[in-house]
Amino acid sequence: MARIRLDGVSKRFGTTPVVQDVNLDIADGEFLVLLGPSGCGKSTLLRMIAGLESLSAGRILLDDLDVTATPPRQRDVAMVFQSYALYPHLTVAKNIGFPLRARGRSREQIRNKVTAVAAALGLVEHLDRRPAALSGGQRQRVALARAIVREPGAFLMDEPLSNLDAALRSATRTELTDLHRRLGATFLYVTHDQVEAMTMASRIALLNRGRIEQVGTPSELYDAPRSTFVAAFLGSPP
Ligand code: ADP
Ligand code: MG
């Protein structure tokens, strides 16, 4: 059973096709990187899975359940936004606990869960601070913590490292792969960065003009590119 199944997923904006007949299964526990150049439709595809964008054709299934018409809040996925989107007036603890409060959990349940997740992400000493008092990397971790407390079936991440400087980006890359292993969670990770994809992915789906060019492990794509586009994008030797 696929955690996420994309079945003929397509999207047009007006008459412009942006995502075209994408078929892809993402298994439980995978770290799948959706890779491709700017404008190829990665964000649109991720937003369709999250329920933030409607489909022009096709279906989306989560654990065999057709969620194509299901509102975002009722889908068993969590989107980790690029822009952090934290509540500036709330403390880190309240930001992390927000999804649990919205679900009516008790104060004690919320406190226990928030403390555990904050400990896992190295945020314990920042729980009483507000987002403005944190570094970019710390804010990124708070956003991730807020997604983790929901215990979603899959995490959807749209270029989460793009606002970080080079040194922090490399450190956060390692943190994210560690976290993926510890959580045993399913990650669908969008990037245009080949290095991120090659170092983090268990599998890569390479997108070109809204279509999947090739799906496989990083070494499969690099060593056996199926098209000149794949070879050129990954810098495979001729
Ligand atoms: P990526 O994330 O790979 O950079 P996007 O999914 O953001 O690509 O965009 C794919 C294409 O769809 C781009 O040409 C973009 O301009 C277009 N697009 C995205 N959102 C909209 C929209 N709401 N209305 C019209 N065109 C859009
Ligand atoms: Mg994008």
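For clarity, every value in this text was computed on a predicted model and none was experimentally measured.

Asks: Give me the sheet that holds strand β7 (residues 154–158): which residues, what numbers.
Replies: Read across the sheet, six strands follow the order β6-β7-β8-β3-β9-β10 without closing on themselves; strand pairing throughout is mixed. The open sheet has two edge strands with one neighbour each: β6 (77–80) and β10 (211–216). Strand-to-strand twist of the sheet, defined as the mean angle between neighbouring strand axes without regard to direction, takes the value 20°. Both strand β9 (residues 203–208) and β10 contribute to a ladder of five bridges, which runs antiparallel. Following the sheet pairing, Ala205 is matched in β10 by Val215. Running over the sheet, helix α1 (residues 42–50) touches β3 (31–35), β6, β7, β8 (187–191) and β9 and is turned about 150° from β7.

Asks: Hey, could you go over helix α4 (residues 136–148) for me, with residue numbers and the actual values?
Replies: In this model, α4 (13 residues) spans 18 Å end to end at C-alpha, consistent with the 18 Å of a helix rising 1.5 Å per residue. Within α4, ten of the 13 residues are buried, which leaves the element mostly enclosed by the surrounding structure. Looking only at α4, the buried set comprises Arg139, Gln140, Arg141, Val142, Ala143, Leu144, Ala145, Arg146, Ala147 and Ile148. Contacts from the buried residues of α4 go to β6, α2 (92–102), α3 (107–120), β7 and α5 (166–183).

Asks: Can you explain the site of ligand 1? Please cite residues and give values.
Replies: If you check the shell around ligand 1, you find Phe13, Val18, Gly36, Ser38, Gly39, Cys40, Gly41, Lys42, Ser43 and Thr44 and nothing else. With three residues, the top contributor of residues to the shell around ligand 1 is α1. Residue composition of the shell around ligand 1, grouped by class: three nonpolar, six polar and one charged.

Asks: Can you break down α3 residue by residue, with the values?
Replies: In this model, α3 (14 residues) spans 20 Å end to end at C-alpha, consistent with the 20 Å of a helix rising 1.5 Å per residue. If you check which residues of α3 are buried, you get Ile110, Lys113, Val114, Val117 and Ala118. Take α3 and look down its axis: the buried residues cluster within an arc of 130°, on one side only. Exposed residues lying more than 90 degrees from the buried face of α3 are Glu108, Asn112 and Ala119. Turning to α3, the residues buried within the fold contact α2 and α4. Taken from the residues just after α3, Gly122 is the one with a positive phi, measuring 65°.

What counts and what doesn't
- Residues numbered from 1 in each chain as written.
- Chains lettered and ligands numbered in written order.
- Predicted model: local features only at pLDDT ≥ 70, side-chain atom pairs only at ≥ 80, totals over all residues.
- Pairing = 2+ DSSP bridges.
- Helix = DSSP H or I, 4+ residues; strand = E, 2+ residues; numbered from the N terminus.
- Axes fitted to C-alpha atoms, helices over the stretch in contact; angles between N-to-C directions.
- Contact = placed C-beta atoms within 7 Å.
- Expected span 1.5 Å × (residues − 1).
- Buried ≥ 20, exposed ≤ 12 C-beta atoms within 10 Å, placed from the backbone.
- Near = placed C-beta within 6 Å.
- Nonpolar A, V, L, I, M, F, W, Y, C, P; charged D, E, K, R; others polar.
- Arc of directions from axis to C-beta.

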